[in-house]
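One letter stands for each residue in the lines below.
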Amino acid sequence: VGMLVIIFRKTILSYIESHFLKDLEEHKKILEKDLEEYKNNLEKEAFEHSVEFSRMHEEKLSSIKELFQKLVVFENELQLMHPVQIGATISDQEVQERVIPPANNFIDCYYKNKLFLSDALCEEIDKVIHLIKGTIIKYQLKEQRHANWKEVYDAITEKIPAARENIRKAFQKNIGIT
């Protein structure tokens, strides 16, 4: 009877152990499969985020490039307002027709792309916009033009070019060039 109990006990334990190991192996396979799916999903999401970040970075670079180009175009046309040019071969109307649209294009481009710029850079550009508008207004005031020539001249030859350089450096820093 004692031997029968021992054999019965070993048989029961062996059966339970083999059944338990079989269930354990099945659970292990399920967990490995789930882990592999999870890893694949993480890799997919990481790739999607990488592509999205790349696209946004390209859009940021494109916006900064376009904004700076519009500033340069405006600055080139602004030279028509130089006091030496006044009364030369170009009329006030023509000067305004050539200067104001590039100024507006720069300002519009800035507001459309402000999202991609740092707060410090936006403050710098806001100052330039204020300077641009003030310079154009002072130029347009014909009766006070002679009194405003020094301010217009300083804006055209010093302030706006200096501001453009500050913006250029900030753009380069913003996109990681310097």
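Please refer to the structure higher up on the page.
Keep in mind that this is a model prediction, so the values were computed, not measured.

Conventions we followed
Residues numbered from 1 in each chain as written. Predicted model: local features only at pLDDT ≥ 70, side-chain atom pairs only at ≥ 80, totals over all residues. Heavy atoms only, no water. Patch = residues over 30% accessible without salt bridge, like charges linked within 9 Å, V, L, I, M, F, W, Y side chains within 5 Å. Areas by Shrake-Rupley, 256 points an atom, 1.4 Å probe, with all protein chains shown as cover. Salt bridge = Lys/Arg side-chain N within 4 Å of Asp/Glu carboxyl O. Lys, Arg positive; Asp, Glu negative; His and termini not counted. Charge placed at Lys NZ, Arg CZ, Asp CG, Glu CD. Helix = DSSP H or I, 4+ residues; strand = E, 2+ residues; numbered from the N terminus. Axes fitted to C-alpha atoms, helices over the stretch in contact; angles between N-to-C directions. Parallel < 35°, antiparallel > 145°, perpendicular 65-115°, else oblique. Left-handed = near helix turned anticlockwise from the far one by under 90°. Contact = heavy atoms within 4.5 Å. Nonpolar A, V, L, I, M, F, W, Y, C, P; charged D, E, K, R; others polar. Buried < 20%, exposed > 50% of the residue type's maximum accessible area, 1.4 Å probe, protein only.

1. Things to note about a negative patch on the surface
Then, number 1: Among the surface-exposed residues, Asp34, Glu36, Glu37 and Glu43 lie close enough to one another that they form a single negatively charged patch.
Then, number 2: Tracing the backbone shows aspartate 34 in helix H1 (residues 2-78).

2. Focus on the packing of H1 against helix H2 (residues 92-113)
Then, number 1: Contact geometry for H1 and H2: axes closest at 8 Å, N-to-C directions at 160°. Taken together, the axes of H1 and H2 are roughly antiparallel relative to one another. Between H1 and H2 the crossing geometry is left-handed. Facing H1, whose interface residues are Ser63, Glu66, Leu67, Lys70, Leu71, Val73, Phe74, Glu77 and Leu78, H2 presents Arg98, Val99, Pro102, Ala103, Asn105, Phe106, Cys109, Tyr110 and Asn113.
Then, number 2: The residue makeup of the contact of H1 with H2, split by class, is eleven nonpolar, three polar and four charged.

3. A word on the packing of H2 against helix H3 (residues 119-140)
Then, number 1: The contact between H2 and H3 brings their axes to 11 Å, and the two run at 165°. Regarding the angle of H2 to H3, the classification is roughly antiparallel. Relative to H3, the crossing made by H2 is left-handed. Here Asp92, Val95, Gln96, Val99, Ile100, Ala103, Phe106, Ile107, Tyr110 and Tyr111 of H2 come into contact with H3, specifically with Cys122, Ile125, Asp126, Ile129, Ile132, Lys133, Ile136, Tyr139 and Gln140.
Then, number 2: In terms of residue class, the contact of H2 with H3 is built from 14 nonpolar, two polar and three charged.

4. So, the environment of leucine 24
Then, number 1: By secondary structure assignment, the location of leucine 24 is in helix H1.
Then, number 2: Judged by its relative accessible area of 43%, leucine 24 is partly exposed.
Then, number 3: Linking leucine 24 and asparagine 41, residues 17 residues apart in sequence, is a C-alpha distance of 25 Å.

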